[in-house]
Amino acid sequence: MGAAPSTEGEREPLIFPPNPETSIQPVYSRVYGRRWLVLTLFSLLAFMQGMVWNTWGPIQNSAIHAYDFAKSDIAVLVLWGPVGFTPWLLFMWLMDKKGLRASLLLSVFFMVMGAALRSVPVPDLQLRRWLIHGGQLLNGLAGPTIMSAGPLLSTTWFAPDQRATATAVASLVSYLGAACSFIVGPLLVPAPNDTTRVMVARAVVSTDTQINHIRDRIQLVLYAELGVVAVLFAAVLFYFPSRPPRPPSVAAASQRLRYSSSICRLLSNFRFLMIALAYAVPTGVVAGWSGVLDMILTPARVSQVDAGWIGFWSVVGGCVFGVAMARFADSIRGMLKLILVLMMAGASLASTWFTLTCLTRLTHLPSTAATLYTSCIVLGIFINSSVPIFFELLIETVYPVPEGITCGVVTFLGNLVTGCLLFFLTFYTTDLSWLNWCLTGSCAFSLVLILFFRESYDRLYLDVFVSV
């Protein structure tokens, strides 16, 4: 099936309901062109939320010199993202009761306040550090809605043969924003030992002048991010409807379970818990693993710049491959489990390859830049591209639980795994080879769970066998 809306002939019921009085009644559906505007606006918000979250990692050396940050400060600034998921139940309740517009407005408000708080140019460095930490926490509070509302948006606005593609775009753009910060940060902010052309010409460089120059460049990045987030907030305030005038499918129009009933069903559904763990464990581990990738690759004589490029290309490859696989899943609906099996099998092989390559003294495998680049990028492609496929399978498994609640639970679990791993890393940073084995084990664990998982497609069945 293509990306074009369904024709009138395709909307005729394949099987008429046997009892019109007790069956779901036909729904007059329509797919609106404005859905692409809504998806674009949401994707830009997700992009900026990811970029603001990863502002400090790529320029950590510059931030340490400019603001007297310690290594622990950089780790905590990254940790504020998972911590922002602590009140996830509140955000899921707001999304379920008030709709996507209200929950998104609150999240973008947190993003604006966080970006503004980080940009206050106070001279007191201690106060400045508190403002930056507070701003990162507020940006993290936008995560529960931004990272879990993609499937709700795709169901609400898109036809069944476009849902997985829209979910992929909305879910993966935040990862792309975090990856782009690896380019924007180092491009605009010089490293501590860099000098400007004017300084080189004069051949006189003072430490205070260099630090002030670094602070000015960091301030420029913070102001730029604040400006973009403020414009997006104004755009959402001006136009971002919760739903279209008419639903695009029967599943979009059907009634969902109440909030309390949804939580109870999710926690008591063994099949949901299986696939939720299959998603949360590898994605949570790889998020923590990629955050210290430069430390992991240091024994292999890979520079921090190269490690950043490896992380960037793995995320970009995952986003592109994820959208392509989601488009493929839209064209052959009902094959989500098979796609996930192939993805996690590839991730298990790639992580094993990388782990053994890092143990050159024991395995005698060639540890070259090409092998490290290839194994890391292939691993990132398989893991990151599996996110929208997991979301779609989770929603199909527990339908009619609302999409926002379902994805909110699993994204919370994934961030919980990441937070625990980052906390554990603060005590065991000397030798990180154990983290590579942990990554390999998480991929294999996910693969086993998926193999034993019994799939079902209740939402898809509703769209196919009921007139729309």
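Structural data are supplied above this passage.
Caption draft 1: Main features of the overall build of the protein chain. Broken down by element type, the protein chain carries 22 helices and zero strands. A total of 468 residues make up the protein chain; the buried ones form 53% of that total. A sequence separation of at least 24 residues applies to 85% of the contacts in the protein chain between residues at least 6 apart. For the protein chain, the accessible surface area stands at approximately 20600 Å², while carbon and sulfur atoms represent 69% of it.

Caption draft 2: Structural detail: the packing of helix H1 (residues 35-53) against helix H5 (residues 100-119). Running from N to C, H1 and H5 point in directions that differ by 35°, and their axes come no closer than 11 Å. In this structure, H1 meets H5 at a crossing whose hand is left-handed. For the pair H1 and H5, the contacting residues are Phe-42, Leu-45, Met-48, Gln-49 and Val-52 in the first and Leu-104, Val-108, Met-111 and Arg-118 in the second. Tallied by class, residues from the contact of H1 with H5 come to seven nonpolar, one polar and one charged.

Caption draft 3: Summary view of the side chain of Thr-411. Residue position: Thr-411 is located in helix H20 (residues 403-425). Relative accessible area serves as the criterion here: at 2%, Thr-411 is assigned to the buried category. Look past the residues within four positions of Thr-411 in its chain and what remains in contact with it is Phe-85, Met-147, Ser-148, Tyr-279 and Phe-391.

Caption draft 4: Region of interest: the packing of aromatic side chains. Summed over all chains, the structure comprises 11 aromatic pairs. Between Trp-56 and Phe-69 the ring centres are 5.9 Å apart and the planes differ by 80°, which places this aromatic pair in the edge-to-face class. A residue pair is termed long-range when its members are at least 10 positions apart, and Trp-56 in the loop between H1 and helix H2 (60-67) and Phe-69 in the loop between H2 and helix H3 (71-83) qualify at 13 residues. Judged by its relative accessible area of 4%, Phe-69 is buried.

Caption draft 5: Spatial organisation of the environment of Arg-301. Assignment of secondary structure puts Arg-301 in the loop between helix H15 (293-297) and helix H16 (304-331). Measuring from C-alpha to C-alpha, the distance between Arg-301 and Ala-369 comes to 9.0 Å, with 68 residues separating the pair along the chain.

Caption draft 6: Looking closely at the packing of H1 against helix H9 (residues 163-188). Relative to each other, H1 and H9 sit at 35°, their axes nearing to 7 Å. Here H1 runs over H9; the crossing is right-handed. For the pair H1 and H9, the contacting residues are Leu-39, Phe-42, Ser-43, Ala-46, Phe-47, Gly-50, Met-51 and Trp-53 in the first and Ala-166, Val-169, Ala-170, Val-173, Ser-174, Leu-176, Gly-177, Ala-178, Cys-180, Ser-181 and Val-184 in the second.

Caption draft 7: Looking closely at H9. In this model H9 runs 37 Å from its N-terminal to its C-terminal C-alpha over 26 residues, within 8% of the 38 Å that 1.5 Å per residue would give. Of all the bends in H9, the greatest measures close to 35° and is centred on Leu-172.

Caption draft 8: Highlighting unusual backbone geometry. Across the junction of Tyr-399 and Pro-400, the peptide omega takes the value 15°, indicating a cis bond. Inspection of the secondary structure assignment puts Pro-400 in the loop between helix H19 (369-398) and H20. A positive phi is found at Asp-68, a non-glycine position, where the angle reads about 60°. By secondary structure assignment, the location of Asp-68 is in the loop between H2 and H3.

Caption draft 9: Spotlight on a nonpolar patch on the surface. Among the surface-exposed residues, Phe-328, Ile-332, Met-335, Leu-338 and Leu-342 lie close enough to one another that they form a single nonpolar patch of about 440 Å² accessible area. Counting through the fold element by element, Phe-328 comes out in helix H16. Given the relative accessible area of 41%, Phe-328 is considered partly exposed.

Caption draft 10: Geometry of the environment of Arg-34. On the secondary structure map, Arg-34 appears in the segment before H1. When its relative accessible area of 37% is taken as the criterion, Arg-34 is described as partly exposed. Each C-alpha atom of the pair Arg-34 and Pro-244 lies 8.9 Å from the other, and the pair is 210 residues apart in sequence. When residues no more than four places from it in sequence are discounted, the contact partners of Arg-34 are Trp-157, Tyr-239 and Pro-245.

Caption draft 11: Summary view of the nonpolar core. Grouped together as the largest cluster of nonpolar side chains are 105 residues, with contacts concentrated most on Leu-153, Phe-240 and Trp-289. It is H19 that provides the largest number of residues to this core, a total of 13 residues. Listed in part, the 14 residues of the second largest apolar core include Phe-69, Ile-74, Ile-132 and Ile-214.

Caption draft 12: Looking closely at the pattern of salt bridges. All told, the structure shown has one salt bridge when counted by the stated rule. Its salt-bridge partner being Arg-118, residue Glu-225 comes within 2.5 Å of it at the nearest N-O pair. In this pair, Glu-225 sits in helix H11 (residues 207-238) while Arg-118 sits in helix H5, placing the two residues 107 residues apart along the sequence. Each member of the pair, Glu-225 together with Arg-118, is buried.

Caption draft 13: Representation of the side chain of Glu-403 in the model. Inspection of the secondary structure puts Glu-403 in helix H20. A residue is classified by how much of its surface remains accessible, and Glu-403, at 2% relative accessible area, is buried. Excluding its chain neighbours within four sequence positions, the residues that come into contact with Glu-403 are Ser-148, Pro-151, Leu-152, Thr-155, Arg-256, Ile-395 and Arg-459.

Criteria and cut-off values
- Residues numbered from 1 in each chain as written.
- Predicted model: local features only at pLDDT ≥ 70, side-chain atom pairs only at ≥ 80, totals over all residues.
- Heavy atoms only, no water.
- Helix = DSSP H or I, 4+ residues; strand = E, 2+ residues; numbered from the N terminus.
- Buried < 20%, exposed > 50% of the residue type's maximum accessible area, 1.4 Å probe, protein only.
- Contact = heavy atoms within 4.5 Å.
- Areas by Shrake-Rupley, 256 points an atom, 1.4 Å probe, with all protein chains shown as cover.
- Axes fitted to C-alpha atoms, helices over the stretch in contact; angles between N-to-C directions.
- Left-handed = near helix turned anticlockwise from the far one by under 90°.
- Nonpolar A, V, L, I, M, F, W, Y, C, P; charged D, E, K, R; others polar.
- Phe/Tyr/Trp six-rings, centres within 6.5 Å; stacked < 30°, edge-to-face > 60°.
- Expected span 1.5 Å × (residues − 1).
- Bend = angle between axes of the 7 residues up to and from the residue.
- Patch = residues over 30% accessible without salt bridge, like charges linked within 9 Å, V, L, I, M, F, W, Y side chains within 5 Å.
- Salt bridge = Lys/Arg side-chain N within 4 Å of Asp/Glu carboxyl O.
- Core = buried A, V, L, I, M, F, W, Y, C linked by side-chain atoms within 4.5 Å.

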